[in-house]
Amino acid sequence: MKAGALGDIKAGRLGSFLRCRCGFTLVEVLVAAVLLSLVLGAAYFFASSVSLQWKKGDIENEVQQNLQLAMDRLSREIRYSRGAEVISGELILQAPEGAGYRYMKYYLYGQELKRATSQDKVSWWGHNPVAAHIAAANFALVSGFPATLEVTLVGTNGYTLTSRVTVRVLRG
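Chemist: Which residues make up a nonpolar patch on the surface, and what are the values?
Modeler: A cluster of nonpolar side chains, Val27, Val31, Val34, Leu35 and Leu38, forms an exposed patch at the surface whose accessible area comes to about 480 Å². Its location among the elements puts Val27 in helix α3 (residues 26-79).

Below, the structure is given as structure tokens:
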């Protein structure tokens, strides 16, 4: 009966201990390293593709939310205005304010829908952004009295939102 490696050391037979075949060969270690790197590489590829899809979904949601918020604001202001006109692709609304009128202009500047206000339709101030990620904004008068407008907003991702809104005629 053979003694184990520990028994060889105790018996002073160090040479037989060094020749012991316990442990891994270089080939086994290399194969394990290659397999581990393949598994880690696949896990990294999967995680990065999931992260990319998540970011794309976030961007699409943001574009759609921006379009919806812009359409809600436009619809509300068109409904409560006294009149509307489209000049050079810009929507100008007339709203009562005190004894006079206030004008609001909506226009596309780059990829932002902006809103400016005026008392005389000559000098505009504010130029505040209403929504971002908008590739196109189209305002069209559909009918005369009361004015009905068709508003079309196109997002940078191709998402399109269209609405028809009728101006509420105020008596006064």
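Chemist: Break down the packing of aromatic side chains for me, with residues and values.
Modeler: One pass over the full model with this rule turns up zero aromatic pairs. Taking the ring centre of Tyr107 as reference, the NZ or CZ of Lys105 above it sits at 5.2 Å.

Chemist: Give me the lowdown on the confidence of the model for the protein chain, citing residues and values where you can.
Modeler: In the predicted model, the protein chain carries a mean pLDDT of 86, and 85% of its residues have values of at least 70. Averaged pLDDT values over the elements of the protein chain bottom out at 58 in helix α1 (residues 5-10) and peak at 95 in strand β4 (residues 112-118).

Chemist: Hey, could you go over the pairing of strand β6 (residues 134-143) for me, with residue numbers and the actual values?
Modeler: In this sheet, strand β7 (residues 148-155) lies alongside β6 in antiparallel orientation, the contact comprising eight bridges. In the strand pairing of β7, Asn138 is matched with Thr152. Counted along the chain from β6 to the antiparallel partner β7, the turn is four residues long.

So, how was this worked out
- Residue positions within a chain follow its written sequence, with the count starting from 1.
- In view of the model being predicted, local features appear only for residues whose pLDDT reaches at least 70, and side-chain atom pairs are presented and counted only at 80 or more, with totals across whole chains, interfaces and linings using the full set of residues.
- The side-chain values count all of the structure's non-hydrogen atoms but skip hydrogen atoms and water molecules.
- Residues enter patches when they are more than 30% accessible in relative terms and free of salt bridges; like-charged ones are connected within 9 Å and nonpolar ones (Val, Leu, Ile, Met, Phe, Trp, Tyr) within 5 Å.
- Surface accessibility follows the Shrake-Rupley procedure with a 1.4 Å probe radius. Residue values consider only the protein chains on display as shielding.
- Should a side-chain nitrogen of Lys or Arg be within 4 Å of a carboxyl oxygen of Asp or Glu, the pair is scored as a salt bridge.
- By definition, any uninterrupted DSSP run of H or I lasting at least four residues is a helix, any uninterrupted run of E lasting at least two residues is a strand, and each is numbered from the N terminus.
- Paired rings are identified among Phe, Tyr and Trp, the last through its six-membered ring, by centres lying within 6.5 Å, and are further divided according to the angle between planes into stacked (under 30 degrees), edge-to-face (over 60) and tilted (the rest).
- Whether a charge sits over a ring depends on NZ of Lys or CZ of Arg being within 6 Å of the ring centre and within 35 degrees of the ring normal.
- Predictor confidence is given residue by residue as pLDDT, running from a minimum of 0 to a maximum of 100.
- Strands pair, by our definition, only if DSSP identifies at least two bridges between them.

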